[in-house]
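# Structural features, examined
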Amino acid sequence: MATISFYKYQGTGNDFVMIDNRDQRFDKSNLSLISHLCDRRFGIGADGVILIEESASSDFEMIYFNPDGSQSLCGNGSRCAVMFACFLQIIEDETAFMAIDGEHTARIDGDLVHLKMHDVESYEEIGEDYLIDTGSPHYIKYVESIDTIDPIAEGRSIRYSERFSEKGVNVNFLEKVNTNTLNIRTYERGVEGETLSCGTGCTAAALSLGLQQELASVNLQAQGGLLRVDFKKENGRFSNIYLIGPAKAVFQGQIEV
Ligand SMILES: N[C@H](CCC[C@H](N)C(=O)O)C(=O)O
């Protein structure tokens, strides 16, 4: 048996097992262990596992795993990683860290983390829907009311459709509240279920609204809390994209595996 020390963080209800793996003791190849840690009955319970490791070029590297062991950029997880790195005294209130899609910068302001996302220069319109990659792929569908849909059944049908079944896609259902506010529910690839919020999904949702009208900021009302996305749009290309929201420690513990 081995003992793993961990911290639990959440960003607007998207929750993660955080492990300080600068000593490289955690076996990243053990995907069944990743799934076990995420299991809400037999493990710790989380939407993903995040390892903090040394980086030769940045303050630290974050390595994100979905519960099924797949990897992607995780926006809320990145915000939690920044807050965790500050707790570990790796950084103070500003950082440049490495993630699966390259380096990101971020800034801590109280409970909030401002995470700079990579520019988005292309997207696809599929009928009235959108496909936008913000570090992970997102299918965007606008609906009359997010309270009357079944995000798991409808999300699964898109995620496992012929076009997306092999690589998967996250599916976001949006309801317009006003000109710059959206209600959002997300079916997440790799979780294969609904999460209470999805950072890269909120970012894609905000950009989809920015394609429909002149905006520089969108409020996202997710099931787990409020996120804001600021951006600049020029010639249909998005830059200066910031995902802004809270990231908080919940508890720490040890697990025997
Ligand atoms: N499940 C997503 C990655 C995590 C996205 C979400 N948790 C976020 O905050 O961006 C995927 O495999 O594309």
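Residues numbered from 1 in each chain as written. Predicted model: local features only at pLDDT ≥ 70, side-chain atom pairs only at ≥ 80, totals over all residues. Heavy atoms only, no water.

Per an unreviewed UniProt entry, the recorded name for the chain is Diaminopimelate epimerase, and the organism is Roseivirga spongicola. Regarding the chain, the UniProt comment filed under Sequence similarities (unreviewed entry) reads as follows: "Belongs to the diaminopimelate epimerase family." UniProt's Subunit (unreviewed entry) comment on the chain is quoted here verbatim: "Homodimer." (UniProt positions renumbered as here; feature names shortened; annotations may be inferred.)

Moving on: the domain arrangement of the chain. Taken domain by domain, the chain consists of domain 1 (3–104 + 247–256) and domain 2 (124–246). For domain 1 and domain 2, the distance between their C-alpha centres works out to 23 Å. Contacts between domain 1 and domain 2 engage 20 residues on the former and 20 residues on the latter. For the pair domain 1 and domain 2, the summed buried surface comes to about 1,300 Å²; carbon and sulfur atoms form 49% of the total. It is T12, L73 and R79 that lose the most area in domain 1 upon contact with domain 2, and together they represent 37% of the buried surface on that side. Where domain 1 meets domain 2, there are 0 salt bridges. Counting every contact that joins domain 1 to domain 2 gives 8 residue pairs in polar contact (both at pLDDT 80 or more). Breaking the side of domain 1 that touches domain 2 down by element, the ones donating at least two residues are strand 1 (3–11) and helix 2 (75–87). Top element by residues in the side of domain 1 that touches domain 2 is helix 2. It accounts for 3 residues. (Domains from an automatic or database assignment. Contact = heavy atoms within 4.5 Å. Buried area = accessible area lost by both parts, 1.4 Å probe. Salt bridge = Lys/Arg side-chain N within 4 Å of Asp/Glu carboxyl O. Polar contact = N/O pair within 3.5 Å; in protein donor to acceptor, adjacent residues only side chain to side chain. Helix = DSSP H or I, 4+ residues; strand = E, 2+ residues; numbered from the N terminus.)

Time to look at the UniProt feature "active site" (unreviewed entry) in the chain. Following the UniProt record, the feature "active site" (unreviewed entry) maps to C74 and C198 here. The greatest C-alpha distance among the residues just named is 7.9 Å, despite their covering 125 residues of sequence, which places them together in space. Those annotated residues from the list above that line the largest cavity are C74 and C198. Looking at the element boundaries, C74 is found in the loop between strand 4 (61–65) and helix 2. For C74, a relative accessible area of 6% corresponds to the buried category. Those residues within four positions of C74 in sequence are excluded, and the remaining contacts are N14, F16, M62, Y64 and T200. Locating C198 in the fold gives a position in the loop between strand 13 (193–195) and helix 4 (199–210). By relative accessible area, C198 is classed as buried at 4%. Apart from the residues lying within four places of it in its own chain, the contact partners of C198 are N14, N76, H138, T186 and E188. (1 Å grid on protein atoms, 1.4 Å probe; cavity = no way out; pocket = protein on both sides within 12 Å on 5 of 7 lines; lining within 4 Å. Buried < 20%, exposed > 50% of the residue type's maximum accessible area, 1.4 Å probe, protein only.)

Our focus in this paragraph is the packing of aromatic side chains. Two numbers describe a pair of aromatic rings. These are the distance of the centres and the angle of the planes. By the definition in use, this model includes 10 aromatic pairs. Between F84 and F87, the aromatic rings sit 6.3 Å apart at their centres with planes inclined by 10°, giving stacked as the arrangement. Within this pair, F84 and its partner F87 are both found in helix 2, separated by 3 residues, close to a single helical turn. Centre to centre, the rings of Y130 and Y142 are 6.4 Å apart; their planes meet at 70°, and the pair counts as edge-to-face. On the criterion of sequence distance, the pair formed by Y130 in strand 9 (residues 129–133) and Y142 in strand 10 (residues 137–142) is long-range, its members being 12 residues apart. Residue Y130 is classed as buried on the basis of its relative accessible area, which comes to 9%. Y142 gets classed as partly exposed once you look at its relative accessible area, which sits at 22%. Here the aromatic residues Y7, Y9, F84 and F87 are joined through ring pairs into a cluster of three or more. The ring of Y160 carries the charged tip of R159 above its face, separated from the ring centre by 4.1 Å. (Phe/Tyr/Trp six-rings, centres within 6.5 Å; stacked < 30°, edge-to-face > 60°. Lys NZ or Arg CZ within 6 Å of the ring centre and 35° of its normal.)

Another aspect to go through is the site of the ligand. As a matter of local geometry, the ligand sits amid 15 residues, with N170, E188, R189, G199 and T200 nearest to it. S72 places a side-chain nitrogen or oxygen 3.3 Å from an oxygen atom of the ligand. The fraction of the free accessible surface of the ligand (360 Å²) that becomes covered by protein chains is 100%. Residue assignment for the shell around the ligand shows that the elements contributing at least two residues are helix 2 and helix 4. Residue composition of the shell around the ligand, grouped by class: 4 nonpolar, 9 polar and 2 charged. (Near = heavy atom within 4 Å. Areas by Shrake-Rupley, 256 points an atom, 1.4 Å probe, with all protein chains shown as cover. Nonpolar A, V, L, I, M, F, W, Y, C, P; charged D, E, K, R; others polar.)

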